[in-house]
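One-letter residues, chain by chain:
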Amino acid sequence: MAKVKVLMLRAPGTNCDFETQVAFEMAGAEVDSALVTGLFRKEKHLTDYQIMIIPGGFTYGDDISAGKIMANEIRLRLGDDIRKFVDDGRLVMGVCNGFQVLVKARILPGFDGRDSQPMTLTANDSGKFECRWIYLKINEDSPCVFTRGMHRLYIPVNHGEGKLVASPDILDRLNVVVQYTDATGNLQAGYPHNPNGSLRDIAGICDPTGRIFALMPHPERFLRWTQHPRWTRENPRDTGDGLQIFLNAVAWAKGI
Amino acid sequence: MRRIEVSVKEEYNDPRADGLEKDILDLGITAVSRVRLVNVYLLDGDISDSELETICRELLADPIVEEYTHREAPAPAGARLVEVAYNPGVMDPVEESVKKGITDLGIDSVTAVRTAQKYLLWGDISGEVLQSICDKLLVNSVVQHVVSEEERVTLRSATYNFSLEKIDIENMDDAALMDLSNNRFWLNLAEMKIIQDYFRRLSRAPTDVELETIAQTWSEHCIHKTFKARITLGKEVVDNLMKSTIMRVTEELDKPWCLSVFKDNAGVIDFDGRYAVCFKVETHNHPSAVEPYGGAATGIGGVIRDPLGTGMGSKPIANTDVFCFGPPDFPHAELPKGVLHPRRIFKGVRAGVADYGNRMGIATLNGAVLFDERYLGNPLVFCGTVGLMPRHMSQQGRQSTGDLVVVVGGKTGRDGIHGVTFASGELNKESEDISSSSVQIGNPIVEKKALDAILKARDLGLYSRIQDCGGGGLSSAVGEVGETTGVRVDLEKVPLKYAGLSYTEIWVSESQERMLLAVHPDKLNQIMKLFSDEDVEATVIGEFTDDKRLQLYYQGNQVADLDMDFVHNGLPQLERKAEWELPRHPEPDFPQPADLEDDLKAILTAWNVCSKEWVIRQYDHEVQGGSVLKPLVGEANDGPGDAAVLQPLPDSNKGLIISNGINPRYGDIDTYWMAASAIDEALRQVIAVGGNLEHIALLDNFCWGNPDKPDRLGDLVRAAQACYDIAVVYGTPFISGKDSLNNEYETGAESICIPPTLLISAMAVVDDAGKAVSMDCKQAGNLIYIIGDTYNEMGGSHYLAIHGYTGNSVPKVRPQEGKKLMNAIADTMNKGLVMACHDLSEGGIGVAAAEMAFAGGLGMRIDLAEVPLGESIDRDDYILFSESNTRFLAEVAPEDKEQFEKMLSGTPYAGIGKVTDNGKLEVYGRNGQKLLDASITDLKEAWQKPLRW
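Residues numbered from 1 in each chain as written. Chains lettered and ligands numbered in written order. Predicted model: local features only at pLDDT ≥ 70, side-chain atom pairs only at ≥ 80, totals over all residues. Heavy atoms only, no water.

Observations regarding the overall build of chain A
Working step 1: A tally of helices and strands in chain A yields 7 helices and 11 strands.
Working step 2: In terms of overall size, chain A behaves like a compact globule, its C-alpha atoms giving a radius of gyration of 17 Å where 256 residues would be expected to give roughly 18 Å.
Working step 3: With the C-alpha coordinates of chain A rotated into their principal frame, the extents come out at 50 × 45 × 35 Å.
Working step 4: Per-residue burial over chain A gives 66% buried out of 256 residues.
Working step 5: Within chain A, counting contacts between residues at least 6 apart in sequence, those at least 24 apart form 76% of the total.
Working step 6: Accessible area of chain A: about 8500 Å², with a carbon and sulfur share of 46%. (Helix = DSSP H or I, 4+ residues; strand = E, 2+ residues; numbered from the N terminus. Rg over C-alpha atoms; globule rule 2.2 N^0.38 Å. Buried < 20%, exposed > 50% of the residue type's maximum accessible area, 1.4 Å probe, protein only. Contact = heavy atoms within 4.5 Å. Areas by Shrake-Rupley, 256 points an atom, 1.4 Å probe, with all protein chains shown as cover.)

What to know about the overall build of chain B
Working step 1: Across its full length, chain B holds 32 helices and 40 strands.
Working step 2: For chain B, whose C-alpha radius of gyration is 29 Å, the value lies close to the compact-globule estimate of 30 Å for 949 residues.
Working step 3: Overall, chain B is about 85 × 70 × 60 Å in size when its C-alpha atoms are taken along their principal axes.
Working step 4: The buried share of chain B, reckoned over its 949 residues, is 66%.
Working step 5: Across chain B, the fraction of contacts at a sequence separation of at least 24, relative to all contacts at a separation of at least 6, is 83%.
Working step 6: For chain B, the exposed area adds up to about 32400 Å²; of that, 46% sits on carbon and sulfur atoms.
Working step 7: Charged side chains in chain B number 93 positive and 144 negative. The centres of these two groups are separated by 2 Å. (Lys, Arg positive; Asp, Glu negative; His and termini not counted. Charge placed at Lys NZ, Arg CZ, Asp CG, Glu CD.)

Overview of the sheet that holds strand β8 (residues 236–239) of chain B
Residues and elements named next belong to chain B.
Working step 1: In space, the 3 strands of this open sheet follow the order β8-β7-β23, with mixed pairing throughout. With one partner strand each, in any of the chains shown, β8 and β23 (575–578) form the two edges of the open sheet. Across the sheet, the axes of successive neighbouring strands diverge by a mean angle of 20 degrees, strand direction being ignored.
Working step 2: Bridging between strand β7 (residues 230–233) and β23 involves 4 bridges; their strand directions are parallel. Directly across from R230, in β23, lies its bridge partner E575.
Working step 3: Relative to the sheet, helix α26 (residues 710–730) contacts β7, β8 and β23, its axis offset from that of β23 by approximately 90 degrees. (Pairing = 2+ DSSP bridges. Axes fitted to C-alpha atoms, helices over the stretch in contact; angles between N-to-C directions.)

Overview of the pattern of salt bridges
Working step 1: The tally for this structure, following the rule as stated, stands at 78 salt bridges over all chains.
Working step 2: Across the salt bridge formed by K100(B) and D104(B), the nearest N and O atoms sit 3.0 Å from each other. One end of the pair, K100(B), and the other, D104(B), are both in helix α3 (residues 93–104), 4 residues apart, so they sit about a helical turn from each other.
Working step 3: On the basis of relative accessibility, which here comes to 24%, the residue K100(B) falls in the partly exposed class.
Working step 4: Residue D272(B) is joined to R274(B) by a salt bridge in which the shortest nitrogen-to-oxygen separation is 3.3 Å.
Working step 5: In this structure R274(B) comes out as partly exposed when scored by relative accessible area, which is 43%.
Working step 6: If you follow the salt bridges from partner to partner, you end up with R10(A), K448(B), D452(B), K456(B) and E534(B) in one network. (Salt bridge = Lys/Arg side-chain N within 4 Å of Asp/Glu carboxyl O.)

Section: the side chain of Q50(A)
Residues and elements named next belong to chain A.
Working step 1: With respect to the secondary-structure elements, Q50 resides in the loop between α2 (36–40) and β3 (51–54).
Working step 2: Given a relative accessible area of 19%, Q50 falls into the buried group.
Working step 3: What Q50 contacts, discounting residues up to four positions off in sequence, is K3, V4, K5, F85, R90, L91, A253 and I256.

Some words on the pairing of strand β1 (residues 5–10) of chain A
Residue and element names in this part refer to chain A.
Working step 1: Across the 6 residues that make up β1, a large majority, 5, are buried.
Working step 2: Looking at chain direction, β1 and strand β2 (residues 30–35) are connected through 6 bridges and run parallel. Paired with L9 across the bridge in β2 is A34.
Working step 3: Taken together, β1, helix α1 (residues 17–26) and β2 constitute a β-α-β crossover, and its handedness is right-handed.
Working step 4: As defined by bridge partners, β1 adjoins β3 across 3 bridges and the pair is classed as parallel. Considered in β3, the bridge of L7 is made with M52. (Right-handed = clockwise from strand over helix to strand, strands pointing away.)

A word on the packing of aromatic side chains
Residues and elements named next belong to chain B.
Working step 1: In total, this model carries 32 aromatic pairs over all chains according to the counting rule given.
Working step 2: Ring centres of Y672 and W673 lie 4.8 Å apart, and the angle between their planes is 80 degrees; this geometry places the pair in the edge-to-face category.
Working step 3: Among the residues examined, Y672 registers a relative accessible area of 12% and is labelled buried.
Working step 4: Taken together, the ring pairs connect F323, F325, F346, F371, W607, W614 and W949 into an aromatic cluster.
Working step 5: A cation sits over an aromatic face here: R34 above W122, 4.3 Å from the ring centre.
Working step 6: Note that R875 overlies the ring of F590, its terminal NZ or CZ placed 5.0 Å from the centroid. (Phe/Tyr/Trp six-rings, centres within 6.5 Å; stacked < 30°, edge-to-face > 60°. Lys NZ or Arg CZ within 6 Å of the ring centre and 35° of its normal.)

See the structure below:
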């Protein structure tokens, strides 16, 4: 059977492409990468892939606001293609900067069309870039196909603008997939467990189909046990927590 | 011109404003009750109202948390307003992004963009207080100014009309030559006279650009003339310090895994047969002193280009940074004139390095921060980058005659003009003025794009040589590459950020983010297409010739014609006098305190020892997914790891260890032992995390005072000699290095010299990163061993420092014994017998034990009576806090006791205690009395509190 094909969509400043590629390859997929402008030039075609991911980074320096310029490129020139891509049953994922891009391109949260942006990701309450490992609780009722069968995650965050903000009624409607907790799984644990001050501790969401998923933390940075910050003092495990997300995505994509 | 103001809505908190409020409070100013920040964008062009509305709504303002106006909003009642803009010629990278973003919206009427920052401050704020806030926080006059009421920012740039400038030096007398040199070329009279002779022989006057080229090539920064000088120290004559010490180690050890040393931008060693790794550490001290953010950002930006420009190009995989500042609590009132407060420098440097390094996607894995009042006027900013490349690409390329000179990446502006010569001179209170064009704001995304594209071009074999364009700009880069062939450049072809640059400014500009490639004409179309697809600027500016001349043209006019041999080899070896004598400091005279808890806490709280978590967490140390031992380790991910371990290849366990050694305090006694200790420290950190001495490469970075002063030079000679003596025995070659001299700050009559500072960075290759050992205690009941003899070596120690002494008995290094000991420990760790290991440095046994205990969330009991001594010591406090080198604490499970001890037989070691679960550090003296009984929570708090900003 042919391998699942993944397209990593880059823009100048994308910088998590290496570990993202490693993650999908470990999950058995084949990975290609293209600049957004490469898609405009039709050098690559979305339809050749089952999964599209926007990796982390600082696209266009995150100038103006994180992910904004790449988001506009996508919204104005690729929005319909991506909608069609997902309507065909394919998967879209965004990590960190990719989450910021998908929100600002109005592809997430994926309800009420794309005329306006109902939510945002903005500067961390701490005012700092935060590089730390955090605990996540997975919403098992979420339609998200990436997190099926999963309950908890321990992976790093590395961002300066990850605070999710929206009005209460929008928050009520969001398809929340992952939330920040303390080590024992409690919500509302405060900083630094919630590293950015996200409302309702939300770390990642999906669209109503469950096929567009994005989150601020980095599952692609915990694939091997020795990436765990305490691997020298805890009982070893075969793989890192993050790998399952990529395995799930590839398994789903095989059925497309 | 249209104006847009964007700010965070009242109902949302603005972390930037919160941070500024806190910084104002930190100044001791309580008058400010509230702050708001407003981003200002000034757009030039014939822009309609509806276009402006679209730009605000769709691009500049966040629809949820921000609001905007197209008008200049007056200051609200009761608020003071300050608007700050960059000085003309200083480019804010945001401007380019805004322009692109507007074009993406389909709007093409905007011709230019400038940004500014508006601050609104509420409270009972006097003019004087406002001025103080501006000076200390909001404005750095080197790059910024307060926008006045009347000022209209002009977006038009100047024009430049060619006119060849010749400098008639043929008939100048000595005084006139020195007048010419001062503040422009920083060359001495003898050097100026050699230049004069050269042009006398040619019977013509040099052009300005010819003199600039020679001055840059001959600057201390580029040619390291002090290290190559013939130095007389007493009866001893040292002919070329570099060759006779640092490089000699490498030559004598002749390691087969050293692939390219001391000839390229970074030193290269073999990694695993398939890949090679290279490492370079640079300093960016002077720019960071006057503009910390921009100076430090361009420092890391510059060192990243070194591995990229090494061999045929390598991929940067890890950064390190080491900073030296004045004390953060230094009184504002006592600051020397013209000096920025160390806290501001620290914050600015941290932000600059983080913003650049994080955006480049390179993990910052290792570093250190040190403080001393003598760094007030001259902070030190060391930035290092490790690169990974296929092994067959590790050698520097060679261009052929006819290859084209292609400049890639950033455009050229008036940035950094005279940066190199500036770096080679001393700072004084006017430095801010003369250096304003020497400092620039980095643009990491331009560099990131160039990096990605160049590595693609490398893999396709599209260029024959690569060189970074750093200090000295095109002059230095083109000159260096062209030395073997000759080169001709048409300066008007260099892409400019704005019009108005003269041919000389184009040639010497140190604009960042530029690389130089030699490209065969047959490959030109392919490489230009690749760069264009990746949105990277690339331009042919000239061609390599075969006449060994440097020929520059501007619009068809020849502006320089120099003999490469004179430019590169015309500078004669310097003659220098050095002197050195052992200083005598008062010997400590205080009784041993009955309880040592307060002393231990005082050391843990010391700026140099305390937790640097505030810095570390703002750097991305996870990107690329390679980190195995992170900078923070232990039960709560916050203990101080010894060295970083990374696994760069996902399909191989082969590991890379990065560490550093630095301790300027020892240099106050003897720079020889300071250098020896720095090497020992870097090596024992490698050992402590599971490395071995088999495959370690060293880098040296000397930051010193003015080498024309014989005492400073004597210290330098001593330090370099120690580098040879110690490294050659340990079997660890140097592969690259750098020096930054003249780190002195003149305040009228006095010159404040930095303490002689040597940073030793180590890079080690290990077979299995999965065998790494962290420093945190793992399990109550395990045994604690000390390995290595303790001597009565309190000189320069932190313990004496907290009691107000320096002392004289500086820690020595006994490399024969040290090597044996390190090999033995490495074997036990390779066997998996060591659960935790921590090297002993500042604060000796006391600090290491405390750190191991609180990092593990466990207690520890140790008994000083068992500690093996190299000489008699009659004080318990000295045994606890001695900083003797080559010592380790190791945690071993009881069942491994026998095997561990057997493997260490023949080396000085002893079981001195055990890990406990009572959350206390308990220390017993030689007579069995309890010297210390402290809660690890308290100790950790003492250690974490100072830099919890």
